[in-house]
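Survey of secondary and tertiary structure
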Amino acid sequence: MADELIKDMGLIFLTECPATPLTHILALNANDYAENLAKLLSSENPVDATLYLTRACNLKCITCYVSASRPLPNELNTNEWIRVVDELSELGVRYLYLLGGEPLLLLNRGLLDIIKRGKENGMVISLSTNGTLVSEEVALKLRDSGVDQVQVSLDGPNPVINDIIRGHGSFRKAINAIKHLKKAGITVTLSYTVTISNTDYVEDFVKLAASLNVPAVTFIRVQEFGRASGGNLGISNELAYEVLVKLSKLGSINVKVVYSGFRFGLMNLMSKAYSEAEELLNRLKVTNYGICPAGKSRLVIDANGDIYGCELLMRPEFREGNVRWDDLGKVWVSGFKAFRNRVHNSSCTKCPFFELCQGGCPARAYAKYGSLNGPDPFCPFISG
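Let me begin by describing the structure that accompanies this report.

Scoring rules and cut-offs
Residues numbered from 1 in each chain as written. Predicted model: local features only at pLDDT ≥ 70, side-chain atom pairs only at ≥ 80, totals over all residues. Heavy atoms only, no water. Helix = DSSP H or I, 4+ residues; strand = E, 2+ residues; numbered from the N terminus. Rg over C-alpha atoms; globule rule 2.2 N^0.38 Å. Contact = heavy atoms within 4.5 Å. Core = buried A, V, L, I, M, F, W, Y, C linked by side-chain atoms within 4.5 Å. Buried < 20%, exposed > 50% of the residue type's maximum accessible area, 1.4 Å probe, protein only. 1 Å grid on protein atoms, 1.4 Å probe; cavity = no way out; pocket = protein on both sides within 12 Å on 5 of 7 lines; lining within 4 Å. Points joined across faces, edges and corners; volume = space filled by probe spheres on them. Nonpolar A, V, L, I, M, F, W, Y, C, P; charged D, E, K, R; others polar. Pairing = 2+ DSSP bridges. Axes fitted to C-alpha atoms, helices over the stretch in contact; angles between N-to-C directions. Polar contact = N/O pair within 3.5 Å; in protein donor to acceptor, adjacent residues only side chain to side chain. Parallel < 35°, antiparallel > 145°, perpendicular 65-115°, else oblique. Left-handed = near helix turned anticlockwise from the far one by under 90°.

Describing the overall build of the protein
The number of helices and strands found in the protein is 17 helices and ten strands. Rg of the C-alpha trace for the protein: 20 Å, near the compact-globule value of 21 Å for 384 residues, within the 12% margin. For the protein, contacts bridging at least 24 residues in sequence account for 74% of all contacts bridging at least 6.

Structure representation (structure tokens):
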């Protein structure tokens, strides 16, 4: 039966946020993964920050939620980013996630200095890359910078599937990147954005990761924002459920599989998953879990210095300031009210899952209803 097959349903329920990097950053802490993740997702202090170092990218992946292509006007320079890293450290941020665009386009323009500054501040640094620019020399430079983890993005287990999504030749280059990074001694994880075109290949992808000796894979349900909003890439809850079942059937394989955004794919198992999530939080004495960490335990800084709670809502109406002229500490204390003071839809508050679900993802609600207060359109229990 599926409820006996799918493991860690409580964690799948809790890790609905598709934006937080904590799922993959903590994935290698096999013994205390659930405990660390649940506690950090429940934090009321800034725990992690995502820095979009540039919007420039050498690929045009159809799944890109920020439509990365060209740099933004007036992107921050190295010294400005270093100051931001220092300010984030003073706020208590422990986990720093660097991406773009393609951050390796800045390899010789400050990226390594930014990583080193983060390490000097005692932060855990994860970098996301498409892998196309990673040579043996680049891998060694990244190693010497002290980066803790590099996540390589692939969306298929072979060139036929991946390259339709990410561009011709991207699969081969990413595989070479993984080999170079591992040879240099860098911890590598993989991410896979699940779309309507690649759901049938998730098992093969985990097997590919195993063959490359990659210890962890994150499956992210595609979020239809940015470039990903125009291609009918989204999957139904039924397909999401099938993905969970397929991956659970893999059995004993030496790759940790983690999920982002699959809560509503649990379908008829939601009740059991909710109970498991409650049990986990009670055991850990966590009382302040929140589905959305935006402006509560995490923040996002765009390439031009604009401050946001969530990368899916990097829009003028959710801009909290800019690091060039606003004090980041003051912004953290007084900003992000749209997320912190979210007023939930009455149809959500009557739901038996509300205490932990809390209306689901506000970014998806905003995309459909024009309000953060609407119900999550992924929810199978709410119509309209």
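Some thoughts on the nonpolar core
A general tendency of soluble globular proteins is for nonpolar side chains to be buried together. In terms of nonpolar packing, the biggest core is built from 106 residues, with L51, L88, L142 and F219 touching the most fellow members. Non-local contacts of L88, meaning those with residues more than four positions away in its chain, are made with A49, L51, V93, L96, M123, L299, I301 and L328. Counting residues in each nonpolar core, the second largest holds 24 residues, with C57, C64, C292 and M314 among its members.

Quick look at the layout of surface pockets
Of the volumes computed, that of the largest pocket is approximately 410 Å³. Lining the largest pocket we find 19 residues, and of these K7, D8, L247, V257 and Y259 sit closest to its centre. For the lining of the largest pocket, the elements supplying multiple residues, two or more each, are α2 (9-14), α11 (237-248) and β7 (256-260). It is β7 that contributes the most residues to the lining of the largest pocket, four residues altogether. Of the residues belonging to the lining of the largest pocket, the class tally is 13 nonpolar, three polar and three charged.

A closer look at the sheet that holds strand β10 (residues 321-322)
With respect to topology, ten strands assemble into an open sheet ordered β7-β6-β5-β4-β3-β2-β1-β8-β9-β10, the strand pairing being mixed. What marks the edges here is a single partner per strand, and that holds for β7 and β10. Note that strand β3 (residues 124-129) and strand β4 (residues 149-153) share four bridges and pair parallel. Residue T129 lies in a different strand from β4, and its bridge partner there is V152. Where helix α6 (residues 107-120) meets the sheet, it contacts β2 (95-99) and β3, and its direction lies at approximately 150° from that of β3.

Re unusual backbone geometry
Cis rather than trans, the peptide bond between G100 and G101 has omega equal to 20°. For G101, the position within the fold is in the loop between β2 and α6. In this structure, K285 is a non-glycine residue whose phi angle is positive, near 60°. With respect to the helices and strands, K285 occurs in the loop between α12 (270-283) and β8 (298-301). Take K285: its relative accessible area is 71%, and that puts it in the exposed class.

Digging into the side chain of E16
Within the secondary structure, E16 is located in the loop between α2 and α3 (22-25). By relative accessible area, E16 is classed as buried at 0%. A distance of 2.5 Å separates a polar atom in the side chain of E16 from a polar atom in the side chain of R364. Once residues lying within four places of it in the same chain are set aside, the contact partners of E16 are S260, G261, F262, R263, F264, I291 and R364.

Observations concerning the packing of helix α7 (residues 136-145) against helix α9 (residues 170-183)
In contact at an axis separation of 8 Å, α7 and α9 are set at 45° when each is read in the N-to-C sense. Between α7 and α9, the interaxial angle falls into the category oblique. α9 is crossed by α7, and the crossing has right-handed handedness. Here α7 contributes E136, A139 and L142 to the contact with α9, which in turn contributes H180, L181 and K183.

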